[in-house]
Amino acid sequence: MKVITRRQFGKSVAAAAAATYAGIALPRLALGEPQPAPLEYPKGFLWGCATASYQIEGGAKDDGRGPSLWDVFSHTPGKTHNGDTGDVADDSYHLYKRDVQLLKNLGVSVYRMSMSWSRVFPTGKGEVNQKGLDYYNRVVDELLANNITPYITMFHWDTPAGLQGGWQSRDTSKAFADYCGYVTKHLGDKVKHWMTTNEFICFTDLGYKEGQFAPGLKLGPAQVNQIRHHAILAHGLGVEAIRANTPGGTQVGLAENAIVYCPVMETAEHIEAARKATRDGNAPFLTTVLDGKYPQSYLEHEGANAPKVEEGDMKAIGSPIDFLGVNIYVPLYARADNSPKGWAEEPMPSSFPHMFSPWINLGPECIYWGVRNVCDIWKEKVPAIYITENGTSSDDVLTPEGHVEDVDRVMYLRNHLTQLHRAASEGYPVKGYFLWSLLDNFEWADGYSKRFGIHYVDFKTLKRTPKLSAEWYKQTIASNRVE
Ligand code: GBH
């Protein structure tokens, strides 16, 4: 006779009970029994972390580095929280070996970092500072020695202050291309993945229209449109320069915080509306880069304020890319309507839940729709897609025992990775994920008041401590599934 223990009996009763609910048949889940591996990622999926030069390096005046617009801005009273600057930040300039060990301990296979343009060209162009380039050589060597593949962003907002007019000047786009060419010529034998720029809107509109980021200006629409044009032109000329200076097999892309529209409901008409919204909402940046031309609707809307475009510009801007990086944090919602454009953006109620930074509204489906919209619209233009940033700030508290129990960050990451899994399992070419960020760091205008790291940094001692989220991410990487 088969003897059933009380425990087994209890389980089978629970399983039977789970099979119907209010008369509705439910998939039979054998409660408490091993389930098929949930949320497993494709084999070879690349797990990584992301950082940016001005946010982590410090060493602002070391070894001949020239000032950037962010040095100037953060040293201007009233511009950043508490007057915080990137003078020291995480001091990764000196502690990079420690940081590589953190990466190694997590088990990541890729690391996204950026380079400080004014370390290599202290005034943005002309004379090279060899010591600046040497630093990046050391970092790259250290990564490679630890089996971590570097993905390098050439520019993450730290424009050299020596470039007259900054992004108002077309010469800055050209200087950027020269910098890209020079660096990749010297590092291109070791580094195979390059991104030109990070988040166009943040160093154009936020710097020159809203004024909350460096250089803190509030210019009019014609000037802003021209600045946007210089930014995408820099990307395009940068792609050309990188290709011209690197061996075959080099992969070139960019990292863009495309505005993500989720359909308000997953029905055909709203899905179509979200797709249209993605095209229109990203008009001057990603849409123009991937189409190789400004949308007619954008040009008409801007009228006399539209950018002045020179011959050859659009060809450079539309240069084919090998991969697209998208930085995704937050959703917007679109619905179909009868307007000529065919969609409308839903207003966000004040009750929409958000994380510690008020702008990080919690809508994890944004990472699925971000990937899907872009791939559905631009299919063959986007052979591969990476999440080049995703993460959140949290009101982290370091306990006397040295723990940070950032369960809200873990919740945020788990839900986003669940939604990203949906995109990967539907066949979208998602190749990897870079968590923002490896370390707490200089969060731009928010200074050190908003921590985004999975490692806690004591900004006085510079000690790094893994948070709960680091432990969770390590586990997720090891099992290649959402834990
Ligand atoms: C990314 O930007 C950046 O690439 C990265 O450097 C940064 O550390 C990370 O996100 C986290 O912020 O305060 O309401 O005025 C994301 C785009 C643009 C989002 C500026 C926050 C300010 C909103 N960011 N925005 S608000």
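Rules used throughout
Residues numbered from 1 in each chain as written. Predicted model: local features only at pLDDT ≥ 70, side-chain atom pairs only at ≥ 80, totals over all residues. Heavy atoms only, no water. Axes fitted to C-alpha atoms, helices over the stretch in contact; angles between N-to-C directions. Helix = DSSP H or I, 4+ residues; strand = E, 2+ residues; numbered from the N terminus. Parallel < 35°, antiparallel > 145°, perpendicular 65-115°, else oblique. Contact = heavy atoms within 4.5 Å. Nonpolar A, V, L, I, M, F, W, Y, C, P; charged D, E, K, R; others polar. Phe/Tyr/Trp six-rings, centres within 6.5 Å; stacked < 30°, edge-to-face > 60°. Buried < 20%, exposed > 50% of the residue type's maximum accessible area, 1.4 Å probe, protein only. Lys NZ or Arg CZ within 6 Å of the ring centre and 35° of its normal. 1 Å grid on protein atoms, 1.4 Å probe; cavity = no way out; pocket = protein on both sides within 12 Å on 5 of 7 lines; lining within 4 Å. Points joined across faces, edges and corners; volume = space filled by probe spheres on them. Pairing = 2+ DSSP bridges. Near = heavy atom within 4 Å. Polar contact = N/O pair within 3.5 Å; in protein donor to acceptor, adjacent residues only side chain to side chain. Areas by Shrake-Rupley, 256 points an atom, 1.4 Å probe, with all protein chains shown as cover. Salt bridge = Lys/Arg side-chain N within 4 Å of Asp/Glu carboxyl O. pLDDT = per-residue confidence, 0-100.

Undergrad: I would appreciate a short explanation of the packing of helix α11 (residues 268-281) against helix α12 (residues 283-291) in the present structure.
TA: Two numbers describe a pair of packed helices, the interaxial angle and the distance between the axes. Relative to each other, α11 and α12 sit at 100°, their axes nearing to 6 Å. One way to sum up the angle between α11 and α12 is to call them roughly perpendicular. Across the interface between the two elements, T278, R279, D280 and G281 from α11 touch A283, T287 and D291 from α12. Taken together, the residues of the contact of α11 with α12 break down into 1 nonpolar, 3 polar and 3 charged.

Undergrad: Looking at this structure, how should I read the packing of aromatic side chains?
TA: The relation between two aromatic rings is expressed through the spacing of the ring centres and the mutual angle of the planes. All chains considered together, the criterion is met by 45 aromatic pairs. Where Y54 meets W444, the ring centres are 6.2 Å apart and the plane angle is 25°; that geometry is what we call stacked. Taken as a pair, Y54 in helix α2 (residues 53-56) and W444 in the loop between β13 (430-436) and β14 (455-457) lie far apart in primary sequence, 390 residues in all. Each member of the pair Y54 and W444 is classed as buried. Between the aromatic rings of F155 and F203, the centroid separation amounts to 4.8 Å while the plane-to-plane angle is 90°, which identifies the pairing as edge-to-face. Here F155 is found in strand β5 (residues 149-155), whereas its partner F203 is found in helix α8 (residues 200-203), with 48 residues between them in sequence. Among the residues examined, F155 registers a relative accessible area of 0% and is labelled buried. Each residue in the set W117, F121, F155, W167, F176, Y179, Y182, F200, F203 and F285 is aromatic and connected to the rest through ring pairs, giving one cluster. Here R119 stacks its cationic end above the ring of Y135, 5.7 Å away from the centre of that ring. Here the guanidinium or amino end of K341 rests over the ring plane of W343, the centre of that ring lying 3.9 Å away.

Undergrad: Whenever I open this one, empty space enclosed by the protein confuses me. Can you help?
TA: Taking a probe equal in size to a water molecule and rolling it over the atoms shows the remaining empty space. Per the stated rule, a full pass over the model turns up 3 cavities of 30 Å³ or more. There is about 130 Å³ of room inside the largest cavity. In terms of lining residues, the largest cavity is bounded by 17 residues, among which I56, S92, Y111, Y135 and V139 are the most central. Counting residues per element, the ones that place at least two in the lining of the largest cavity are α2, α4 (92-106), β4 (110-114) and α6 (130-145). Class assignment of the residues belonging to the lining of the largest cavity gives a composition of 11 nonpolar, 4 polar and 2 charged. One number sums up the size of the second largest cavity: a volume of about 40 Å³.

Undergrad: Help me understand the sheet that holds strand β7 (residues 251-256) in this model?
TA: The strands making up a sheet associate through backbone hydrogen bonding, with each pair oriented either parallel or antiparallel. Reading around the barrel, the 8 strands line up as β3-β4-β5-β6-β7-β9-β12-β13 and close back on themselves, with parallel pairing between neighbours. The sheet shows a mean angle of 25° between the axes of neighbouring strands, taken without regard to direction. Here 3 bridges tie strand β12 (residues 385-389) to β13, and the two strands are oriented parallel to one another. Note that in β13 the partner of Y386 across the bridge is G432. Relative to the sheet, α6 contacts β4 and β5, its axis offset from that of β4 by approximately 170°.

Undergrad: How should the site of the ligand be read in this particular structure?
TA: Lining the immediate environment of the ligand, one finds 17 residues, of which Q55, E199, Q212, E443 and W444 sit closest. A distance of 2.8 Å separates an oxygen atom of the ligand from a polar atom in the side chain of Q55. H156 is positioned such that a nitrogen or oxygen atom in its side chain is 2.9 Å from an oxygen atom of the ligand. Contact with the protein chains removes 78% of the 580 Å² of surface that the ligand exposes when unbound. Looking at the shell around the ligand, its residues break down into 9 nonpolar, 5 polar and 3 charged.

Undergrad: Would you take a moment to explain unusual backbone geometry for this structure?
TA: As a rule of thumb, non-glycine residues mostly have phi less than zero, and peptide bonds are mostly trans rather than cis. Put simply, A214 and P215 share a cis peptide bond, and its omega is 5°. Cis geometry is adopted by the peptide bond preceding S437, which originates at W436 and carries an omega value of 15°. Positionally, S437 belongs in the loop between β13 and β14. A positive phi is found at A89, a non-glycine position, where the angle reads about 50°. The residue A89 is located in the loop between α3 (69-74) and α4 in this model. On the accessibility criterion, A89 (4% relative accessible area) is buried. In this structure, E199 takes a positive phi of about 55° despite not being glycine. Examined against the element boundaries, E199 turns out to sit in the loop between β6 (193-198) and α8.

Undergrad: What's the story with the environment of F356 in this structure? I'm lost.
TA: Considering the arrangement of structural elements, one finds F356 in the loop between β11 (343-345) and α15 (365-378). Judged by its relative accessible area of 32%, F356 falls in the partly exposed class. Expressed as a C-alpha distance, the spacing of F356 and N198, which sit 158 residues apart in the sequence, is 23 Å. With residues near it in sequence (within four places) discarded, F356 still touches S393, S394, D395, S449 and K450.

Undergrad: How should I be thinking about the pattern of salt bridges in this particular structure?
TA: As a working rule, side chains carrying opposite charge can pair if their charged atoms are close by. In this structure the tally under the stated criterion is 24 salt bridges. Two residues, D141 and K190, come together in a salt bridge whose shortest N-O distance is 2.8 Å. You can see D141 sitting in helix α6 and its partner K190 sitting in the loop between α7 (170-187) and β6, a full 49 residues away along the chain. Of the charged contacts, one joins D396 and R409 as a salt bridge, the two residues approaching to 3.2 Å between their closest N and O atoms. Taken as a pair, D396 in the loop between β12 and α16 (407-425) and R409 in helix α16 lie far apart in primary sequence, 13 residues in all.

Undergrad: Would you mind showing me how to read the confidence of the model for the protein chain here?
TA: Detail in the predicted coordinates should be disregarded across regions flagged by low pLDDT. With 93% of its residues at a pLDDT of at least 70, the protein chain reaches an overall mean of 94. Throughout residues 1-20 the model reports pLDDT below 50, and contacts reaching past four residues in sequence, or to other chains, amount to 18 contacts.

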